[in-house]
Each structure stands twice: as structure tokens, then as C-alpha cells.
Amino acid sequence: MLTKRIIPCLDVTLDSEGGTVVKGVEFFNLRHAGDPVEFAKLYNEQGADEIVFLDITASHEGRTTMIDVIERTADEVFIPLTVGGGVGSVEDVRQILRAGADKVSINTSAVKNPNLIKETSDIFGSQCIVTAIDCKRNTNVADNSDKTILTLEDGTPAWYEVVIYGGRKPTGIDAVQWAKKVVELGSGEIMLTSMDRDGTYDGFDVPVTRAVSESVEVPIIASGGAGNPQHMYEGFTSGKADAALAASIFHFGEYTVPGVKEYLKNHDLPIRI
């Protein structure tokens, strides 16, 4: 079994200070957590395996990613840095990589223009391109027989609908089918976020995480809902994810990266200490 990765996520919005880390519930009701550069330094020192930096309002606000904050963040970390938010062109990807990122996450623009995944992976390599898939449960299965119907924890049948613009717009696209397509186009990794679980502390959305993990050969980052180390263990075992992403539990000091890793190691998961 490959080593499992623990990835703190910096959800960042543009403000008068140039950028601040925020956290909400189901992508809304954002509360401020602090400076992204300081958080990045802390998680680098704690032994995080990677850091994800998401400019979560860039697409909705119709602007590009905040390059200056990325540069300052990249200067302070010595682990892989993935950056996303407002990425809409090959040139956007080029600028973010030049600013110091190791990988670029594409979300809304990939749905609107799937060929962007192929273009960027052909130029920069699939290892640099992460497709972020935000999805939401949809229990209307009667009119969606063409979708991948999964069974939720309580036995309810549902499919998972891709949402874009920071969860503001449903697309009618099936998340499992979309995951297969982006891998065919050249995406080297998928960051899968359940909007239903985001910020809830209820644990990862295991049904969709497992379904996507079993459907593609690239690594899957489970995102949305991590409230404790047990949730991460479930994301790795039941959800079959390759990496676990978390924000609130780290930002507000409820758990540390070393503490989570020690728990997982004690539960016989391969973890880099």
C-alpha cells in the first residue's frame, strides 16, 4: 500500500490585506482564520505531506488567482504546493507554476472547457494537473437513470452532481462519470470535495469517495467533512482515498498534523512521520 498523505487546505479569499484564510460550512458562512503564509509555514514545520491553496472566490468574482500571495507562500514551504482558483487558461497555469506551485488545480474552467485539461497536461505534464471536483448529493434518481446511482449510508439511492463557481451552480454532470473523463483527458490527480460535508465535521462522504477511487487509476484526495483522525482513517479505508485533506481541524487548533499522523500510524496505515 502506498503511503497515505495528510494535506492541510488553505481556503483563501481576497481582502484588504491581500488574502486571508477562511472556512465555512457547505462553502458558505465564511469565517476568517488567519494569514495564509503563516499557516503554510506552520504546516510545513509540522510535517504535512503537501499543502493545497485554493482561491475560493476567484471564479465567482471573475478574477485570476492572487499570484503575489502564492509567491510568498511558496517561499516559506518545502513540500509540494497545489494551487487552484480562477484558473482558466494555459497561461494561468504557467503563471501559477512560475510563482512556485508544484501542481495546479482546475475546477470550474475544466467543466466549461474540458479540453483545458488535455492542453495543460500535454504542456506541463499530467503530474502537474489536479482536477478539483465539487459535488452534491442528488436524490432525484427517477429522472436520472443515466447517472451513477450510489447507496447512501441510510440506504437512500442518490447520484452526485458536479457543482461549479464555489458550489453556486449545479451542472447536471455526474461526478463519477466526470472523474473518468478528466483522467482520460490527462488529469494526474483528483481532489474530490463533497459540498454536503464541507465544514460539517461529520466525516468524509464515503460513498462517492469510494466510487471515484474505484473508477480511476489516479490518486484521489478526499475533501470535505474531516472532524477528527478517525474520519481520516475511514476516508483511507472505507473511502479508498490516497490522501486526506482538512482545514478547520488544523486551522483552529483542534488537531495537529503530527497528532493525526501518529493516530493513523497506530492504526496500521502507511504514513510518513
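Structure: see above.
Presented here is a report on the structure given in the accompanying data block. These figures come from a predicted structure and were not determined experimentally. (Residues numbered from 1 in each chain as written. Predicted model: local features only at pLDDT ≥ 70, side-chain atom pairs only at ≥ 80, totals over all residues. Heavy atoms only, no water.)

**A word on the pattern of salt bridges**
Close approach of charged atoms allows side chains of opposite charge to pair.
In step 1: For the structure shown, the criterion picks out 15 salt bridges.
In step 2: Among the ionic pairs, aspartate 49 bridges to arginine 272, the shortest N-O distance being 3.0 Å. Of this pair, aspartate 49 sits in the loop between helix H1 (36-46) and strand E4 (51-55) while arginine 272 sits in the segment after helix H11 (257-266), placing them 223 residues apart in sequence.
In step 3: Its relative accessible area of 10% is what places aspartate 49 among the buried residues.
In step 4: Here arginine 272 falls in the partly exposed class, since its relative accessible area comes to 41%.
In step 5: Through salt bridges with shared partners, one network takes in Arg5, Glu50, Lys103 and Glu189. (Salt bridge = Lys/Arg side-chain N within 4 Å of Asp/Glu carboxyl O. Helix = DSSP H or I, 4+ residues; strand = E, 2+ residues; numbered from the N terminus. Buried < 20%, exposed > 50% of the residue type's maximum accessible area, 1.4 Å probe, protein only.)

**A look at the pairing of strand E6 (residues 103-106)**
Across a regular strand the side chains alternate sides, sitting on one face of the sheet and then on the other.
In step 1: Residues of E6 alternate between two faces, with Lys103 and Ser105 on one and Val104 and Ile106 on the opposite face, all of them buried.
In step 2: Alignment of strand E5 (residues 81-84) against E6, held across three bridges, turns out to be parallel. Opposite threonine 82, over in E6, you have lysine 103 as the bridge partner.
In step 3: After leaving E5, the chain enters helix H4 (residues 90-98) and then returns to the sheet as E6, a path that is right-handed. (Pairing = 2+ DSSP bridges. Right-handed = clockwise from strand over helix to strand, strands pointing away.)

**Examining the layout of surface pockets**
In step 1: For the largest pocket, the calculated volume is near 230 Å³.
In step 2: Lining of the largest pocket is provided by 13 residues; of these, Leu2, Glu217, Val218, Pro219 and Asp242 occupy positions nearest its centre.
In step 3: Of the residues belonging to the lining of the largest pocket, the class tally is five nonpolar, two polar and six charged. (1 Å grid on protein atoms, 1.4 Å probe; cavity = no way out; pocket = protein on both sides within 12 Å on 5 of 7 lines; lining within 4 Å. Points joined across faces, edges and corners; volume = space filled by probe spheres on them. Nonpolar A, V, L, I, M, F, W, Y, C, P; charged D, E, K, R; others polar.)

**Re the packing of aromatic side chains**
In step 1: A full pass over the atoms with the stated rule returns two aromatic pairs.
In step 2: Judged by centre distance (5.8 Å) and plane angle (15 degrees), the ring pair of phenylalanine 39 and tyrosine 43 falls under stacked. Residue phenylalanine 39 and its partner tyrosine 43 are both found in helix H1; the two are separated by four residues, about one turn of the helix.
In step 3: In this structure phenylalanine 39 comes out as buried when scored by relative accessible area, which is 10%.
In step 4: A centroid spacing of 6.0 Å and a plane angle of 55 degrees characterise the contact between tyrosine 43 and phenylalanine 250, whose relative ring orientation is tilted. Highlighted residues: tyrosine 43 in helix H1 and phenylalanine 250 in helix H10 (residues 248-251), separated in sequence by 207 residues. By the burial criterion, tyrosine 43 is buried, and phenylalanine 250 matches it.
In step 5: An aromatic cluster of three or more residues is present, and its members are Phe39, Tyr43 and Phe250. (Phe/Tyr/Trp six-rings, centres within 6.5 Å; stacked < 30°, edge-to-face > 60°.)

**Here we look at a negative patch on the surface**
In step 1: The grouping of Glu45, Asp68, Glu71, Asp75 and Glu76 at the surface amounts to a negative patch.
In step 2: By secondary structure assignment, the location of glutamate 76 is in the loop between helix H3 (67-74) and E5. (Patch = residues over 30% accessible without salt bridge, like charges linked within 9 Å, V, L, I, M, F, W, Y side chains within 5 Å. Areas by Shrake-Rupley, 256 points an atom, 1.4 Å probe, with all protein chains shown as cover. Lys, Arg positive; Asp, Glu negative; His and termini not counted. Charge placed at Lys NZ, Arg CZ, Asp CG, Glu CD.)

**Overview of helix H6 (residues 115-124)**
In step 1: Three or more residues of H6 are buried, namely Leu116, Ile117, Thr120, Ser121 and Phe124. Around the axis of H6, the buried residues are gathered within 120 degrees of arc, so they sit on the same side.
In step 2: Remark: glycine 125 follows H6 within two positions and exhibits a positive phi of approximately 100 degrees. (Arc of directions from axis to C-beta.)

Take it as geometry only, folks, not as evidence of what the structure does.
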